[in-house]
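Spelled out from the first residue to the last, the chains are:
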Number of protein chains: 2
Amino acid sequence: MTLFDIHQIDETIHGRVRLGIMAFLAASGTADFTSLRKHLAVSDGNLSTHLKKLEDAAYIAQHKSFAGRKPLTQIELTPQGRTAFLAYLEAMSRLVSASAM
Amino acid sequence: MTLFDIHQIDETIHGRVRLGIMAFLAASGTADFTSLRKHLAVSDGNLSTHLKKLEDAAYIAQHKSFAGRKPLTQIELTPQGRTAFLAYLEAMSRLVSASAM
DNA sequence: AATTATACTTTGTTTTTCAAAGTTATTTGT
DNA sequence: ACAAATAACTTTGAAAAACAAAGTATAATT
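Scoring rules and cut-offs
- Residues numbered from 1 in each chain as written.
- Chains lettered and ligands numbered in written order.
- Predicted model: local features only at pLDDT ≥ 70, side-chain atom pairs only at ≥ 80, totals over all residues.
- Heavy atoms only, no water.
- Salt bridge = Lys/Arg side-chain N within 4 Å of Asp/Glu carboxyl O.
- Helix = DSSP H or I, 4+ residues; strand = E, 2+ residues; numbered from the N terminus.
- Buried < 20%, exposed > 50% of the residue type's maximum accessible area, 1.4 Å probe, protein only.
- Least-squares fit on C-alpha atoms with pLDDT ≥ 70 in both.
- Contact = heavy atoms within 4.5 Å.
- Axes fitted to C-alpha atoms, helices over the stretch in contact; angles between N-to-C directions.
- Parallel < 35°, antiparallel > 145°, perpendicular 65-115°, else oblique.
- Left-handed = near helix turned anticlockwise from the far one by under 90°.
- Nonpolar A, V, L, I, M, F, W, Y, C, P; charged D, E, K, R; others polar.
- Buried area = accessible area lost by both parts, 1.4 Å probe.
- Polar contact = N/O pair within 3.5 Å; in protein donor to acceptor, adjacent residues only side chain to side chain.
- Lys, Arg positive; Asp, Glu negative; His and termini not counted.
- Expected span 1.5 Å × (residues − 1).

In the annotation of an unreviewed UniProt entry, the entry for chain A reads Transcriptional regulator, and the organism field reads Acetobacter cibinongensis.

As structure tokens, then:
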């Protein structure tokens, strides 16, 4: 019986919204603030807070620019972010394997 | 590109400690309070709170008895709990598949 | 008999999540 | 042209969640 160790879980990624952000970015490479907010169906304040947390962990980078004269925030996974997300996925794979019922 | 929907995640299970409880119970059938606390390496107060939350959701049942005169709490997965955990695992499998990088 | 340990629950604090309100600039309607 | 509405965020405050310290009750140890 291979037991699953909860301490393998990276809490920075594990949160529902941040997990959605990471999965989206892993699939798409980059995203802008608005499409992320629409895709995840969260409030803008909430998204902003979670992005900041991921940025503080250096898992994403936010590039603020202007599209014409409107602010545009483009978000991308950093190499560390990709590595951490891979590790998270592996931990989840282990959970799934260990728990197959 | 199959995108992962964060609203599929059952927050009652997703929390790190509760996920550990569910995985342990899924593997072992039942457990007592003390072995769960040791395995998860959490404080007793913390464990008590999470168990109550899972009990409120009817995902586990707690049977309080005495071993000699010492209180003994035995915890088991309910059928609903097993079903919900299976659904959670499937959601996580989808995440892993969708995110394979 | 007094201290230490076991098995919890309750309470209070810290941390996290989330949305309402605020900011700044833009577009639309009249 | 001027007000009103929209866009793209950030900041702030409130609600919820997580956690550990303290409390309760009994048992074992010295």
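Further remarks concern the pattern of salt bridges. One pass over the structure, following the stated rule, counts 3 salt bridges over all chains. Among the salt bridges present, the one from Glu11 of chain B reaches Arg16 of chain A, with a minimum N-O distance of 3.6 Å. Separated into two different chains, Glu11 of chain B in helix H1 (residues 11–14) and Arg16 of chain A in helix H2 (residues 16–28) make up a pair that spans both. Here Lys52 of chain A ties to Asp56 of chain A by a salt bridge, and the two come within 4.0 Å at their closest N and O atoms. Of this pair, Lys52 of chain A and Asp56 of chain A both sit in helix H4 (residues 44–56), 4 residues apart, which is roughly one turn of that helix. Note on Asp56 of chain A: relative accessible area 60%, which makes it exposed.

Here the focus is the relation of the copies chain B and chain A. Rotating chain B by 180° about the axis while translating it 0.0 Å along that axis superimposes it on chain A, leaving an RMSD of 0.0 Å. The superposition operator between the copies reduces to a two-fold rotation axis. The overlap is high: 100% of the interface residues of chain B also sit at the interface in chain A, so the same surface is used on both sides.

Attention now goes to the packing of H2 of chain A against helix H3 (residues 33–40) of chain A. Residues and elements named next belong to chain A. At a closest axis distance of 11 Å, the pairing of H2 and H3 adopts a crossing angle of 120°. When the axis of H2 is compared with that of H3, the two are oblique. Helix-helix and strand crossings are classified by hand; for H2 and H3 the assignment is right-handed. In this structure, H2 contributes Val17, Gly20, Ile21 and Phe24 to the contact, and H3 contributes Leu36, His39 and Leu40. Broken down by class, the residue content of the contact of H2 with H3 amounts to 5 nonpolar, 2 polar and no charged.

Right, let's get into the interface of chain B and chain A. Across the contact, 32 residues belong to chain B and 32 residues belong to chain A. Summed over both sides, the interface of chain B with chain A buries roughly 2800 Å², with 77% coming from carbon and sulfur. On inspection of chain B and its partner chain A, the count reaches 1 salt bridge. Between chain B and chain A we count 1 residue pair in polar contact (both at pLDDT 80 or more) in total. At 10 residues, the largest contribution of residues to the side of chain B that touches chain A is made by helix H5 (residues 79–99) of chain B. Broken down by class, the residue content of the side of chain B that touches chain A amounts to 21 nonpolar, 8 polar and 3 charged.

This part covers the side chain of His50 of chain B. All names here are of chain B. Inspection of the secondary structure assignment puts His50 in helix H4 (residues 44–56). Since its relative accessible area comes to 16%, His50 is described here as buried. Ignoring anything within four residues of it in the chain, the contact list for His50 reads Val17, Arg18 and Ile21.

Residue and element names in this part refer to chain B. Of note, Arg18 is situated in helix H2 (residues 16–28). Put simply, Arg18 is tucked away with no salt bridge, and the nearest opposite charge, on Glu11, sits 6.3 Å away. Polar side-chain contacts of Arg18 include one of 3.1 Å to the backbone oxygen of Glu11.

In this model, H4 of chain B (13 residues) spans 18 Å end to end at C-alpha, consistent with the 18 Å of a helix rising 1.5 Å per residue. Backbone geometry just after H4 of chain B places Ala58 of chain B at a positive phi near 65°.

This paragraph deals with unusual backbone geometry. All names here are of chain A. One non-glycine residue, Ala41, adopts positive backbone phi at about 55°. As for its placement among the helices and strands, Ala41 is situated in the loop between H3 and H4. A residue is classified by how much of its surface remains accessible, and Ala41, at 55% relative accessible area, is exposed. Located in the positive-phi region is Ala58, a residue other than glycine, with phi close to 65°. Tracing the chain through its elements places Ala58 in the loop between H4 and strand E2 (60–67).

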